[in-house]
Amino acid sequence: MQQLQQAIIERGSVLSDEVLKVDQFLNHQIDTNLMINIGKEFVNRFQDCKITKVLTIESSGIAPSFMAANELGVPLVFARKKKSLTVADHVYSSGVYSYTKQEMNNITVSKSYLSSDDHVLIIDDFLARGNAALGLIDVVKEAGATAAGVGIVIEKSFQDGRMKLEEEGFRVESLARIQSLEGSKVTFLEELAT
Ligand code: 5GP
């Protein structure tokens, strides 16, 4: 997706050979026009899948998921990282190791918002080692629902997240695929058309 690749090149910063910072348009300040187009692109890719719910993880997954859910005309559900007093015990849960915070989070989703009839599109901002997406897939399985696919805004293709998800039989659609961050330079798997 050209607009996204352009944003990564012009407004992202490479923190190390493994980590990209995109606070300027996705993780802190949000470029709403870009999010609208990201939502539309996810819908293009998954429109044949009879999605009934979009599932993401707070907080950075919410913005890109919002427009996709709105365009599909289905609810957006986000997994919580911290237990909420108002949700109490009626939850599906999974342990997820956080790539950026380097700590375990117990993610939870209320049993009220996922059921065995649901065809769920999972969306997240980044794909690195696949832990967040696999945790969300666990929650979907616990509900007896179907994971229709995984939509990712930025995939770091040099890490093994996609391989793990594909090995489990899941379809992965990433809007930007990064081959390398070496030398403080972003190299995409599919370069921008010039
Ligand atoms: P995974 O669970 O696939 O290892 O990592 C994905 C999660 O970690 C995403 O939810 C995202 O928040 C965070 N993450 C992983 N790599 C990066 C990165 O390079 N930059 C940022 N900003 N977040 C990342």
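These numbers come from a predicted model, not from an experiment. (Residues numbered from 1 in each chain as written. Predicted model: local features only at pLDDT ≥ 70, side-chain atom pairs only at ≥ 80, totals over all residues. Heavy atoms only, no water.)

Student: Just checking my understanding: could you explain the layout of surface pockets for this structure?
Tutor: Where empty space is left in the structure can be found by rolling a water-sized probe over the atoms. Here the largest pocket is characterised by a volume of approximately 780 Å³. As for the largest pocket, its lining consists of 34 residues, of which Lys81, Ser98, Tyr99, Thr100 and Asp125 are closest to the centre. Of all the secondary-structure elements, those providing two or more residues to the lining of the largest pocket are β2 (20-21), α2 (23-27), β5 (91-97), β6 (104-110), β7 (119-127) and α5 (131-142). In terms of residues, the lining of the largest pocket owes the most to one element, β7, which gives four residues. Of the residues assigned to the lining of the largest pocket, the class counts are 14 nonpolar, nine polar and eleven charged. (1 Å grid on protein atoms, 1.4 Å probe; cavity = no way out; pocket = protein on both sides within 12 Å on 5 of 7 lines; lining within 4 Å. Points joined across faces, edges and corners; volume = space filled by probe spheres on them. Helix = DSSP H or I, 4+ residues; strand = E, 2+ residues; numbered from the N terminus. Nonpolar A, V, L, I, M, F, W, Y, C, P; charged D, E, K, R; others polar.)

Student: Explanation requested: the site of the ligand in the structure shown.
Tutor: Of all residues adjacent to the ligand, which total 16 residues, the nearest are Leu20, Asp124, Arg129, Gly130 and Lys156. Within the side chain of Asn27, a nitrogen or oxygen atom sits 3.0 Å from a nitrogen atom of the ligand. Taken by itself the ligand offers 500 Å² of open surface, and the protein chains cover 90% of this. Assessed atom by atom at 2 Å from the grid points, the ligand resides in the largest pocket. (Near = heavy atom within 4 Å. Polar contact = N/O pair within 3.5 Å; in protein donor to acceptor, adjacent residues only side chain to side chain. Areas by Shrake-Rupley, 256 points an atom, 1.4 Å probe, with all protein chains shown as cover. Sits in = over half its atoms within 2 Å of the grid points.)

Student: How should I be thinking about the pairing of β6 in this particular structure?
Tutor: In regular strands, side chains alternate between the two faces of the sheet. In terms of burial, β6 is a largely internal element, five of the seven residues being buried. Note: β5 against β6, seven bridges, orientation antiparallel. Its bridge partner lying in β6, Val96 is registered against Asn105. Linking two consecutive strands that pair antiparallel, namely β5 and β6, is a turn of six residues; a positive phi of about 55° is found at Gln102 within it. (Buried < 20%, exposed > 50% of the residue type's maximum accessible area, 1.4 Å probe, protein only. Pairing = 2+ DSSP bridges.)

Student: I tried to follow the environment of Arg80 on my own but got confused; where do I start?
Tutor: Mapped onto the secondary structure, Arg80 falls in the loop between β4 (76-79) and β5. Taking the relative accessible area as the measure of exposure, Arg80 reaches 29% and is therefore partly exposed. Taking C-alpha positions, Arg80 is 6.5 Å from Ile57, a pair spaced 23 residues apart along the chain.

Student: For this particular structure, what's the right way to read the UniProt feature "binding site: xanthine" (unreviewed entry) in the protein chain?
Tutor: UniProt feature "binding site: xanthine" (unreviewed entry): in the numbering of this structure it lies at Leu20, Asn27 and Lys156. As for the largest pocket, its lining draws on Leu20, Asn27 and Lys156 from among the annotated residues. Mapped onto the elements of the fold, Asn27 is located in helix α2. In contact with Asn27, not counting residues within four places along its chain, are Val22, Ser60, Asp125 and Phe126. Along the polypeptide, Lys156 turns up in strand β8 (residues 146-156). Judged by its relative accessible area of 4%, Lys156 falls in the buried class. Excluding residues that lie within four positions of it along the chain, Lys156 makes contacts with Glu18, Val19, Tyr99, Phe126, Leu127, Ala128, Ile178 and Leu181. A distance of 2.9 Å separates a polar side-chain atom of Lys156 from the backbone oxygen of Glu18. (UniProt positions renumbered as here; feature names shortened; annotations may be inferred. Contact = heavy atoms within 4.5 Å.)

Student: Is there a simple way to explain the sheet that holds β7 in this structure?
Tutor: Whether parallel or antiparallel, the strands of a sheet pair through hydrogen bonds between backbone atoms. One open sheet holds the six strands; their spatial order is β4-β3-β7-β8-β9-β10, and the pairing between them is mixed. Either end of the sheet is taken by a strand with one partner, and the two such strands are β4 and β10 (187-188). Two elements, strand β3 (residues 53-57) and β7, share three bridges in a ladder whose sense is parallel. Opposite Lys53, over in β7, you have Val120 as the bridge partner. Against the sheet, helix α3 (residues 32-46) contacts β7, β8 and β9 (172-180), and its axis sits at roughly 115° relative to β9. Of the strands in this sheet, β3, β4, β7 and β8 touch helix α4 (residues 62-72), which is tilted by about 175° from β3. (Axes fitted to C-alpha atoms, helices over the stretch in contact; angles between N-to-C directions.)

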